[in-house]
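# Inside the fold
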Amino acid sequence: MRPMRGSAKSSRIRTLAVVVIGLLFVLFLSGSGLAQIYTDYLWFESLDRSSVWSTTLGTKLALAAVFSAVFFVILWVNLYLADRMAPPERPETPEEDLIERYHEIVGSHASKIRFGVAALFALVAGVDTAGQWKTWLLFRNGGDFGRVDPLFGLDAGFYVFRLPFWTFLVDRFFSILVFALLLSLAAHYLNGGVRASAPSNRVTSAVKVHLSILLAGLALLRAVAYWLDRYQLVTSTRGRYDGALTTDVEVQLPALSLLVLISLFGAALFLYNIRRQGWTLPVVAVGLWAISHVVVATMFPALFQRLRVEPQQSTREQQYIGYNIDATRFAYGLDESKLVTIEFDYEASLTAEQLQSNADVFNDVSILDPRLAADAFNRSESGRESYQFSAPLDVDRYLVNGELEPVNVAVRSLNLEALEADWEREHIVLTHGYGVAMAAADAEERGLPDYLVRGIGPSEVTRDGVDAKLDQPQVYFDEGFDGYAIVGASRDEVDFVAEASAAFRYDGSGGVEMSGLLRRAAFALRFQQLDPLISPFIQDGSRVLYIRDIESRISTLAPFLDFDSDPYPVVAEGRIFWVVDAYTTTSKFPYSQNVDVTSLPGTADLSGGFNYVRNSVKVVVDAYDGDVSFYVIDDEDPIITAWAKVYPSLFQDVSEAPESVRDHFRYPSDIFRVQTETWDTYQVDDPIRFLEGAIAWRVSSEPGAAAGTEDPSLGSNSLMAPQYRTTRLPGETETEFILQRAFVPSSSTQSTGRPELTAIMVARSDPERYGQLIQYQLPPGRLSAPDLVDSDIRKDDEISPFISLRNREGSTVKFGEMQMVLVDNTVVFVRPLYIEAATETAVPELTQVIAVNGSRIAMATTLDAALQAVTIDGGVPITPPVDQGNGEETPVPVPDQDLEGLTVAQLLDRARVLLSDANRIEASDPDAAASLRAEALLALEALSGTLGIEPDVPITEPVGA
């Protein structure tokens, strides 16, 4: 017997241990959930956005509570009625023994079980309803778009704001009634009111009344659902194009109206059947509904579409396609109010005069490729392995000596993976990145970036005249910055890691205080680490910075917005700010087309699933404090207006943004991709020609990136990426920052035909013209597409041998981004050429610049020389104008040291022009005059070498003899 007792005792111990472990596990899970909620609140409070947290959470809880309560009442009442309708005696059936055992177990607990079952299902359904908080808030606060749909005559706001919630409401109540019907049926069975195996009276009269009423309720809800489905037709995807087309209007709409009547008739039959014997009428009602739904609402519309519409689509669909074109253009910001078309009478006729009169345009051409230059940034400016720059570099514009200049800029991000840091180093010591590196995009220095801002720590250098001074270079909030940092600890942070590190103490306002055991325990649970609770370095005044990734930070504050995939840094007011574009989208805009944006990364928020988009908000994040500001830049967007009503403390007008930051706002590339890949089809406004597709466009293909070994990330089969450029557009007087992309005919491919540009679209970014779109319409057949220009470059008699010679073992030739430069009535393609040695420490170095105008292709060591070579008249060097002291400016040629290959006549002309200009500017700028004379001397020395004359031997033969 003793072994038995020992065995029982050990069994009880094991049972107790399992129970204790289970309780601890449940406590841990509940504690982690509470810690998450508590620390979320502290995070919102630290950003002065606690009202945002409470509004969102309060809405979710209210929806869950209200719907749980309503669903509980519905389920409990039906279960209660099922119990009250139980017959006094249960009929004798084969399964009665099991049912009797059930009643013996339940006994007097029936009411508790009824309450528990109703509460469980109601709670599940109610909590799930909390996920509709966005739909509810838009329903409450949405307004009108000022655009009426052509089918029902309702404002688009009905479809975007109100219809989604009504549809959800009907669907949810239909689901809960189905649950009520099933639970009631089960209860009636257990109570004896339903017996499928009984020889007669399988359903009592009371049960029949109950079930018939529930079925009638379902039929009524189905009728309401069909009625609402009529309005869903304006976003139908049945046809080739979205919206209510011929089949939807002529067949589907009447079919849905008929199904409404059939559902109402079915509800009447269910109610009428209460007074009749049997279930014949309900079966007839369900059969009639099923047949009608399959035949009338599904089969017949499909046959009509195939047999009557598709064979004569151009005539049957014309009116509705017109609706689709108009709605799509408006929904994507491509209507006449936002897009202007300018006829661009292109001629391949770049002249020397154009070079001089557009010197400002050519001087701003980017020759530093933001993708290839990232290697040089990381090699020379990262500060060993402690920091890194993400590729590609960001493109922006800054004032340099008072002039707007294109730059490539990147934040020096902390590279924790390379440091193999332990908990202390990762979370207390190495807490932040440091500063930025910035290089002129239109210049180079011995083939490498010409830095305007470089260095780290006290050695950081900002070139004189560059409006990018940094007083607060520390970067605590960054792209991809996961994890957390604890500042104000008992030991110092490392400010930067370079030749000599420096200590730093964070004095910003970011983060949440960790004082007190409760908070430290909450953060230990949130981060799933014990260290925040036990670390001796945490003291009174210590703060924890978390949710430091830029995208995570802003999406936590505003999960109802979509965000651009490319945040970019701005240096302003002595600090680093991150700017992220935010979008409002919906898939419910009537008659608008869903667009498949193939060139966006799959993780981009705008990669699909919408048919209306607006770039309504600019989000600015302080890289030091983590403060987040949402600035509304499109107050005409009804969706952002609705969200601003919900969260008035979250949004500010764009006029409240610091001007120095606002000057760096740029039109986002994600929405520009969406717009251009929509416009390639929707630039056709005639429905007949639209359906034919013969004059549709496509975005031009991306030229290959590397010679011989193509870079798969920029392969020739992908679409050409939008290009940021600092330039002066044709016909304008001021330099501005733009985004551009080109189109070719959709039938053109690289394997057949010669793709030619049909148009170039430009988006403007400067504050006074932000968001304006210009389409430069090109004459047909005159200008080759960029990928064709790339092919011609590779086949050029001068360039091809150059590439072949250097693209061998030991080095690789890589092409930089091809720039399209619009100037007067012509387009010049400019492409830098890089060479990268096959060594571990090598970076791509800019060695040549290629220019193309029409059929003229030239390669030189400088952009100036390449441009001169593609002019129709030989050209002269480019220079900015020189002030003559009398208020007038006279263009002066810039000296060019690339004299190789020039003819005798060109060398003589070069020397003559340089000496003439030197004399002209002697009084105003003697240093520049001396430089020009030195260049003239080089030209004369080159001339003597061409003629085979020693420099100190006089020329005795006439030049050119």
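When its secondary structure is counted, the protein shows 28 helices and 33 strands. Relative to all contacts within the protein whose residues are 6 or more apart in sequence, the contacts with residues 24 or more apart total 69%. When the accessible surface of the protein is summed, it comes to about 43,200 Å², and 56% of that surface belongs to carbon and sulfur atoms.

The sheet built from five strands is open, its strands ordered β3-β4-β7-β8-β9 with antiparallel pairing. The open sheet has two edge strands with one neighbour each: β3 (394-400) and β9 (461-462). As judged from the two bridges shared by strand β8 (residues 448-454) and β9, these two strands associate in the antiparallel manner. In the strand pairing of β9, Arg-454 is matched with Val-461.

Time to look at the sheet that holds strand β11 (residues 485-487). Ordered in space as β11-β15-β14, the three strands form an open sheet in which the pairing is antiparallel. Each edge of the sheet is formed by a strand with only one pairing partner; in this case those strands are β11 and β14 (512-513). When β11 meets strand β15 (residues 543-545), the two strands line up antiparallel, connected through three bridges. Bridge pairing links Ala-485 to Leu-545 in β15.

Secondary-structure assignment places Thr-871 in the loop between α26 (863-869) and β32 (881-883). Engagement of the side chain of Thr-871 in a polar contact is seen with the backbone oxygen of Gln-868, the distance being 2.7 Å. Once you skip the residues sitting within four places of it in the chain, Thr-871 turns out to touch Leu-350, Thr-351, Ala-352, Leu-355 and Arg-856.

Counting 173 residues, the largest nonpolar core has Tyr-546, Leu-561, Val-619, Phe-630, Trp-643, Tyr-647 and Phe-651 as its most contacted members. In terms of residue count, the dominant contributor to this core is helix α6 (residues 156-191) (16 residues). The contact partners of Leu-561, leaving out residues within four places of it in the chain, are Ala-582, Tyr-583, Thr-584, Val-617, Phe-630, Ile-640 and Phe-651. Counting residues in hydrophobic clusters, the runner-up holds 32 residues, among them Leu-393, Val-830, Ala-851 and Ala-866.

Looking now at the environment of Glu-45. Tracing the chain through its elements places Glu-45 in helix α1 (residues 2-46). Classification of Glu-45 as partly exposed rests on a relative accessible area of 40%. Distance in space between the C-alpha atoms of Glu-45 and Gly-511 is 9.9 Å, their sequence separation being 466 residues.

What follows covers a nonpolar patch on the surface. There is a patch of nonpolar side chains on the surface, built from Leu-120, Phe-121, Val-124 and Phe-179 and spanning about 360 Å² of accessible area. Among the elements that make up the nonpolar patch, the one with the highest residue count is helix α4 (residues 110-129) (three residues).

A word on the packing of aromatic side chains. This model, assessed by the stated rule, comprises 48 aromatic pairs. Centroid distance Phe-630 to Phe-651: 5.9 Å. Interplanar angle 75°. Geometry classified as edge-to-face. With a gap of 21 residues between them, Phe-630 in strand β20 (residues 628-632) and Phe-651 in strand β21 (residues 651-653) connect regions that are remote in the sequence. Its relative accessible area of 10% is what places Phe-651 among the buried residues. Its guanidinium or amino end placed over the ring of Phe-330, Arg-614 lies 5.1 Å from that ring's centre, counting from NZ or CZ.

This part is about the pattern of salt bridges. Side chains carrying opposite charge are able to pair once their charged atoms draw close together. Tallying each qualifying case throughout the model produces 35 salt bridges. Measuring nitrogen to oxygen at the nearest pair gives 3.6 Å for the salt bridge that ties Glu-310 to Arg-306. Linking Lys-814 and Glu-836 is a salt bridge whose minimum nitrogen-to-oxygen distance equals 3.1 Å. Placement of Lys-814 in strand β27 (residues 811-815) and of Glu-836 in strand β29 (residues 826-837) is noted, with a sequence separation of 22 residues between them. Each of Glu-732, Glu-736, Arg-764, Glu-768 and Arg-769 takes part in a single network of salt bridges with overlapping partners.

Turn by turn, an α-helix covers 3.6 residues, leaving residues three or four places apart pointing in a common direction. When the terminal C-alpha atoms of α4 are compared, their 28 Å separation across 20 residues agrees well with the 28 Å that a helix rising 1.5 Å per residue should span. Looking only at α4, the buried set comprises Arg-114, Ala-118, Ala-122, Ala-125, Gly-126 and Thr-129. Considered in projection along α4, the buried side chains sweep an arc of 100° and stay on one side of the axis. Along α4, exposed side chains directed more than 90 degrees from the buried face belong to Lys-112, Leu-120 and Val-124. Summarising the contacts, the buried residues of α4 are in contact with α2 (50-84), α5 (133-141) and α6.

Before going further, it helps to examine the packing of α6 against helix α7 (residues 205-232). Orientation of α6 relative to α7, taken along the N-to-C sense of each, is 160°, at an axis distance of 10 Å. In terms of orientation, α6 lies roughly antiparallel with respect to α7. Seen from above, α6 lies across α7 with left-handed handedness. Considering only residue class, the contact of α6 with α7 consists of 22 nonpolar, six polar and one charged.

Right, let's talk about the confidence of the model for the protein for a bit. Per-chain confidence: the protein averages 85 in pLDDT, with 84% of residues scoring 70 or above. Note that pLDDT drops below 50 for residues 705-717; the model gives that stretch 35 contacts with residues more than four away or on any other chain. Below pLDDT 50 for its whole length, residues 876-897 participates in 68 contacts with residues either more than four positions away or in separate chains.

This part covers unusual backbone geometry. The omega torsion across Ala-391 and Pro-392 is -5°, close enough to zero to call that bond cis. Tracing the chain through its elements places Pro-392 in the loop between β2 (387-388) and β3. The backbone of Gln-528 sits at a positive phi, close to 55°, despite the residue not being glycine. Positive phi is not limited to glycine here, since Tyr-591 has a value of about 70°. Considering the arrangement of structural elements, one finds Tyr-591 in the loop between β18 (575-586) and β19 (612-622). With a relative accessible area of 1%, Tyr-591 lands in the buried category.

What follows is about the pairing of strand β31 (residues 856-860). The pairing of strand β30 (residues 845-853) with β31 spans five bridges and is antiparallel. Its bridge partner being in β31, Ile-850 is matched across the sheet by Met-859. Connecting the antiparallel pair β30 and β31 is a turn made up of two residues, with Gly-854 showing a positive phi of about 65°.

You can see Ala-759 is positioned in strand β25 (residues 759-764). Sequence spacing of Ala-759 and Asp-680 is 79 residues, and the spatial spacing of their C-alpha atoms is 9.9 Å. When near neighbours in sequence (up to four residues on either side) are disregarded, Ala-759 contacts Trp-697, Arg-741, Ala-742, Phe-743, Gln-775, Tyr-776, Gln-777 and Leu-778.

Most of strand β7 (residues 436-445) is tucked away, with eight of its 10 residues classed as buried. Across five bridges, strand β4 (residues 403-411) lies against β7 in antiparallel orientation. Residue pairing for β7: Val-411 is matched across the bridge by Val-436. In the sheet, β7 pairs with β8 via five bridges, with the strands oriented antiparallel. Bridging across to β8, Glu-445 finds its partner in Leu-448. Following β7, the chain reverses through two residues before pairing antiparallel with β8; Arg-446 in that reversal takes a positive phi of roughly 55°.

So, on to the side chain of Arg-412. Tracing the backbone through its elements, the reader meets Arg-412 in the loop between β4 and β5 (413-414). A distance of 2.7 Å separates a polar side-chain atom of Arg-412 from the backbone oxygen of Tyr-434. Excluding residues within four positions of it along the chain, Arg-412 makes contact with Glu-381, Ser-382, Tyr-387, Gln-388, Phe-389, Gly-433, Tyr-434, Gly-435, Val-436, Ala-437, Gly-455 and Ile-456.

Our next topic: the packing of helix α11 (residues 318-331) against helix α22 (residues 669-682). Where α11 meets α22, the closest approach of the two axes is 11 Å, and the angle between their N-to-C directions is 155°. Here α22 runs roughly antiparallel to α11, going by the angle between their axes. The hand of the α11/α22 crossing is left-handed. Here Asn-324, Ile-325, Thr-328 and Arg-329 of α11 lie close against α22, whose contacting residues are Thr-678, Trp-679 and Tyr-682.

Rules used in this analysis
Residues numbered from 1 in each chain as written. Predicted model: local features only at pLDDT ≥ 70, side-chain atom pairs only at ≥ 80, totals over all residues. Heavy atoms only, no water. Helix = DSSP H or I, 4+ residues; strand = E, 2+ residues; numbered from the N terminus. Contact = heavy atoms within 4.5 Å. Areas by Shrake-Rupley, 256 points an atom, 1.4 Å probe, with all protein chains shown as cover. Pairing = 2+ DSSP bridges. Polar contact = N/O pair within 3.5 Å; in protein donor to acceptor, adjacent residues only side chain to side chain. Core = buried A, V, L, I, M, F, W, Y, C linked by side-chain atoms within 4.5 Å. Buried < 20%, exposed > 50% of the residue type's maximum accessible area, 1.4 Å probe, protein only. Patch = residues over 30% accessible without salt bridge, like charges linked within 9 Å, V, L, I, M, F, W, Y side chains within 5 Å. Salt bridge = Lys/Arg side-chain N within 4 Å of Asp/Glu carboxyl O. Phe/Tyr/Trp six-rings, centres within 6.5 Å; stacked < 30°, edge-to-face > 60°. Lys NZ or Arg CZ within 6 Å of the ring centre and 35° of its normal. Expected span 1.5 Å × (residues − 1). Arc of directions from axis to C-beta. Axes fitted to C-alpha atoms, helices over the stretch in contact; angles between N-to-C directions. Parallel < 35°, antiparallel > 145°, perpendicular 65-115°, else oblique. Left-handed = near helix turned anticlockwise from the far one by under 90°. Nonpolar A, V, L, I, M, F, W, Y, C, P; charged D, E, K, R; others polar. pLDDT = per-residue confidence, 0-100.

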